[in-house]
Amino acid sequence: MRNGEVSYWWQARGRPPRRPSLPGAAEADVCIVGAGFTGLWTAYYLKRADPGLRVIVLEEAFAGFGASGRNGGWVTAALPGSRSRYAAHPRGRGGVRALERHLRETVDEVARVCAAEGIDAGLVKGGTLSVATSAAQDARLRRRLEHERAWGDGPRIVRYLEKDELAERVRVTGATGALFYPDCARVQPASLVAGLAEAVTRSGVLLYEGTAVTAISAGRARASAGDVRAPYVLRCTEGFTAGLPGQRRTLLPMNSAMIVTGPLSDAAWKTIGWDGGETLGDEAHAYMYAQRTADGRIALGGRGIPYRFGSGLDHDGAVATATVAQLGRILRRMFPVSAEAGLQHAWCGVLGVPRDWCATVTMDPRTGLGWAGGYTGHGVAAANLAGRTLADLVRGVPSPLTTLPWVRHRSPRWEPEPARWAGVHGLYALYRAADRLESADRSPRTSLLARAADRISGIPH
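Quantities reported herein were computed from a predicted structural model and do not represent experimental measurements.

K.L.:
If you had to explain the pattern of salt bridges to someone new, which residues and values would you point to?
P.N.:
For the coordinates displayed, the defined rule picks out 27 salt bridges. A salt bridge links arginine 19 to glutamate 209, with the shortest nitrogen-to-oxygen separation between them at 3.0 Å. Of the two residues, arginine 19 is situated in the loop between α1 (8–13) and β2 (26–27) and glutamate 209 in the loop between β10 (206–208) and β11 (213–217); the sequence distance between them amounts to 190 residues. Residue arginine 19 is classed as buried on the basis of its relative accessible area, which comes to 16%.

K.L.:
Hey, could you go over helix α7 (residues 189–202) for me, with residue numbers and the actual values?
P.N.:
Over its 14 residues, α7 runs 20 Å from end to end, which matches the ideal 20 Å to within 8%, given 1.5 Å per residue. The set of residues buried in α7 consists of Pro189, Ala190, Ser191, Leu192, Val193, Ala194, Gly195, Leu196, Ala197, Ala199 and Val200. Elements that come into contact with the buried residues of α7 comprise α1, α2 (37–49), α4 (92–117), β10 and α10 (379–395). The backbone nitrogen of alanine 190 has a side-chain oxygen 2.9 Å away, supplied by the residue at the start of α7, namely glutamine 188.

K.L.:
How would you sum up the sheet that holds β2? Please name residues and give values.
P.N.:
Judged by pairing direction, the sheet is mixed, and its 4 strands sit side by side in the order β2-β13-β12-β11 without closing on themselves. Each of the sheet's edge strands pairs with one partner strand only, and the pair in question is β2 and β11. Bridge count for β2 against strand β13 (residues 226–229) is 2 bridges, and the pairing is parallel. Each residue of the ladder has a partner; that of glutamate 27, found in β13, is arginine 229.

K.L.:
Could you give an account of the packing of aromatic side chains, naming the residues involved and the relevant values?
P.N.:
Taken as a whole and assessed by the stated rule, the structure comprises 12 aromatic pairs. Ring centres of tryptophan 269 and tryptophan 274 lie 6.4 Å apart, and the angle between their planes is 70°; this geometry places the pair in the edge-to-face category. One exposure class covers both tryptophan 269 and tryptophan 274, and it is buried. Feature note: the residues Trp10, Phe62, Phe65 and Phe240 constitute an aromatic cluster, connected by ring pairs.

K.L.:
I'd like a rundown of the pairing of strand β8 (residues 177–181), residues and numbers included.
P.N.:
In terms of residue burial, β8 counts as a mostly covered element, since 5 of its 5 residues are buried. Neither face of β8 is open: one carries Gly177, Leu179 and Tyr181, the other Ala178 and Phe180, and all of them are buried. Bridge count between strand β6 (residues 128–132) and β8: 5 bridges; the pairing is antiparallel. Across the sheet, residue alanine 132 finds its bridge partner in β8, namely glycine 177. Bridge count for strand β7 (residues 159–162) against β8 is 4 bridges, and the pairing is antiparallel. Paired with arginine 159 across the strands is phenylalanine 180, a residue of β8.

K.L.:
Describe the sheet that holds strand β21 (residues 369–373), listing the residues and the values that go with them.
P.N.:
The 6 strands are arranged β10-β4-β3-β14-β21-β20 in an open sheet whose pairing can be described as mixed. Either end of the sheet is taken by a strand with one partner, and the two such strands are β10 and β20 (360–364). Each adjacent strand pair in this sheet contributes to an overall mean axis angle of 15°, direction not counted. Judged from the 4 bridges that link them, strand β3 (residues 30–33) and strand β14 (residues 232–235) form a sheet pairing that is parallel. In the sheet register, cysteine 31 faces β14, and the bridge partner there is valine 233. Set on the sheet, α10 makes contact with β3, β14, β20 and β21; between it and β20 the angle comes to about 15°.

K.L.:
Which residues make up the nonpolar core, and what values go with them?
P.N.:
Core analysis: the largest hydrophobic core is formed by 77 residues, its most contacted members being Ile32, Leu40, Trp41, Leu192 and Trp406. Excluding anything up to four places from it in sequence, tryptophan 406 contacts Pro80, Tyr86, Leu99, Ala359, Thr360, Val361, Tyr375, Ala382, Leu385, Ala386 and Thr389. If you look at the next biggest cluster of nonpolar residues, it comprises 31 residues, including Val172, Ala178, Ile272 and Val324.

K.L.:
Go over the packing of α4 against α10, please, and point to the residues and values.
P.N.:
Two numbers describe how α4 lies on α10: the axes approach to 9 Å, and their chain directions differ by 105°. With respect to α10, the element α4 is oriented roughly perpendicular. Note on element contacts: α10 touches α4 through Ala381, Ala382, Asn384, Leu385 and Arg388, opposite Leu99, His102, Leu103, Thr106, Glu109 and Val110. The residue makeup of the contact of α4 with α10, split by class, is 6 nonpolar, 3 polar and 2 charged.

K.L.:
So what about the environment of alanine 299? Which residues, and what values?
P.N.:
Looking at the element boundaries, alanine 299 is found in strand β18 (residues 298–302). In contact with alanine 299, other than residues within four places in its own chain, are Trp9, Met258, Ile259, Val260, Tyr289, Ala290, Gln291 and Thr293.

K.L.:
Run through helix α9 (residues 321–334), naming residues and quoting values.
P.N.:
Over its 14 residues, α9 runs 20 Å from end to end, which matches the ideal 20 Å to within 8%, given 1.5 Å per residue. The complete set of buried residues in α9 reads Thr323, Val324, Leu327, Gly328, Ile330, Leu331 and Met334. Each buried residue of α9 sits inside an arc of 160° when the element is viewed along its axis, so together they form one side. Facing away from the buried side of α9 by more than 90 degrees, the exposed set consists of Thr321, Ala322 and Arg333. Looking at the packing, one finds that the buried side of α9 touches β15 (252–261), β16 (279–282), β17 (288–292), β18 and β19 (343–353).

K.L.:
An account of the packing of α2 against α7 is needed here, citing residue identities and associated values.
P.N.:
Closest axis-to-axis distance for the α2/α7 pair is 9 Å, and the angle between their directions is 35°. The hand of the α2/α7 crossing is left-handed. The residues of α7 that touch α2, namely those facing Phe37, Leu40, Trp41, Ala43 and Tyr44, are Pro189, Leu192, Val193, Leu196, Ala197, Ala199 and Val200. Of the residues in the contact of α2 with α7, the class split is 12 nonpolar, no polar and no charged.

Rules used throughout
Residues numbered from 1 in each chain as written. Predicted model: local features only at pLDDT ≥ 70, side-chain atom pairs only at ≥ 80, totals over all residues. Heavy atoms only, no water. Salt bridge = Lys/Arg side-chain N within 4 Å of Asp/Glu carboxyl O. Helix = DSSP H or I, 4+ residues; strand = E, 2+ residues; numbered from the N terminus. Buried < 20%, exposed > 50% of the residue type's maximum accessible area, 1.4 Å probe, protein only. Expected span 1.5 Å × (residues − 1). Contact = heavy atoms within 4.5 Å. Polar contact = N/O pair within 3.5 Å; in protein donor to acceptor, adjacent residues only side chain to side chain. Pairing = 2+ DSSP bridges. Phe/Tyr/Trp six-rings, centres within 6.5 Å; stacked < 30°, edge-to-face > 60°. Axes fitted to C-alpha atoms, helices over the stretch in contact; angles between N-to-C directions. Core = buried A, V, L, I, M, F, W, Y, C linked by side-chain atoms within 4.5 Å. Parallel < 35°, antiparallel > 145°, perpendicular 65-115°, else oblique. Nonpolar A, V, L, I, M, F, W, Y, C, P; charged D, E, K, R; others polar. Arc of directions from axis to C-beta. Left-handed = near helix turned anticlockwise from the far one by under 90°.

So, in structure tokens, the structure goes:
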């Protein structure tokens with residue numbers, strides 16, 4: 001089994017030739033730091049709106065090195081934050097509903113760009129399933145459905161599937177039911193980000209790889225080869241934000257790990273089903289996420305080592321042996337027949353988590369500094385919407401996007417160490433203990449341990 005090497009997604013498609021590094025000091029109209037989905041989508045829409053803009057993108061490794069090329073491949077309309085917290089915005093509940101509507105439309109926008117730019121990323125809009133495998137999980141699903149209905153989401157947006165209805169789509173061992181959300185697409189994320197990077201450079205954006213930015217200030221991004229000066233400097237660094245001066249406690253780099261099987265046989269797929277391209281999650285507190293890949297495998301992820309002390313990062317995506325074993329057990333429990341294919345690759349990466357678990361898109365017109373991120377794992381689609389929003393904010397163009405409630409949202413800073421490390425590891429220990437208790441108990445009650453962990457984390461429910 002391969003371990004690390006950034007991700008299976010990159011290993012499967014092959015890494016593109018490395019682009020040149022920044023040759024020296026430069027000037028631009030807009031300088032974007034970070035060539036993941038946020039930075040690349042922002043550059044894409046800026047050049048479409050104004051082809052004459054001089055846009056420079058700086059990337060420490062290569063485009064898509066971070067979460068954009070390692071994630072579970074969900075182009076999901078899930079809200080990256082809390083409805084109640086966003087509702088504190090002056091637009092109230094109406095603003096939240098507008099943000100959710102735009103996120104649903106974004107799934108189709110990503111598909112549109114793939115078609116227009118000739119990006120073959122295996123995108124299939126099959127929706128997403130959140131599956132319950134215990135009485136407590138099923139009760140949570142039904143409470144969540146009541147909450148969705150109270151916010152005005154009808155069957156077009158979400159509906160409950162009974163056990164037999166779920167089995168018509170995918171057969172998960174021990175499943176009792178599921179919620180189905182149609183606004184989600186499966187994708188090969190490395191192919192998507194590679195195709196986007198090519199589209200951006202074709203439009204005239206200068207994308208410099210192997211260029212570490214050591215500091216960002218008004219009008220300037222500092223790199224070893226020289227400064228890039230621009231009236232607008234945008235920080236699009238997501239899970240890598242903590243490495244910049246002054247940003248240590250802005251976003252917590254939450255670690256997530258994935259495994260992928262070898263190709264499953266036709267007989268195995270006949271047992272499982274899963275022909276519709278749905279993405280799949282569960283209702284556990286320490287949850288999993290998965291997809292049936294375009295090349296006939298199961299890719300599954302979840303939390304292993306959730307956080308490294310001092311906001312540390314992984315080493316080229318290498319995963320601890322215990323985490324691989326933990327994810328393998330989840331996979332075999334849900335799909336016993338998958339054992340025949342074995343595990344082929346494991347990898348991990350970080351995603352950006354704000355203290356209140358709410359993403360933000362911000363532009364300070366006084367300094368020209370902007371940023372976006374904190375998607376809490378829902379960034380493949382949200383980054384597209386954030387990029388379009390940042391492009392409008394940079395250009396000073398009022399639009400329906402610039403009044404959404406995540407614009408200029410301010411999250412509190414994370415606690416200093418060692419409280420940050422102890423808190424994150426403690427809450428995930430509580431979540432795992434709660435999952436074990438709930439799976440052994442036939443009661444529909446959510447564990448008190450899980451409720452305690454929710455209070456510690458501030459995770460919105």
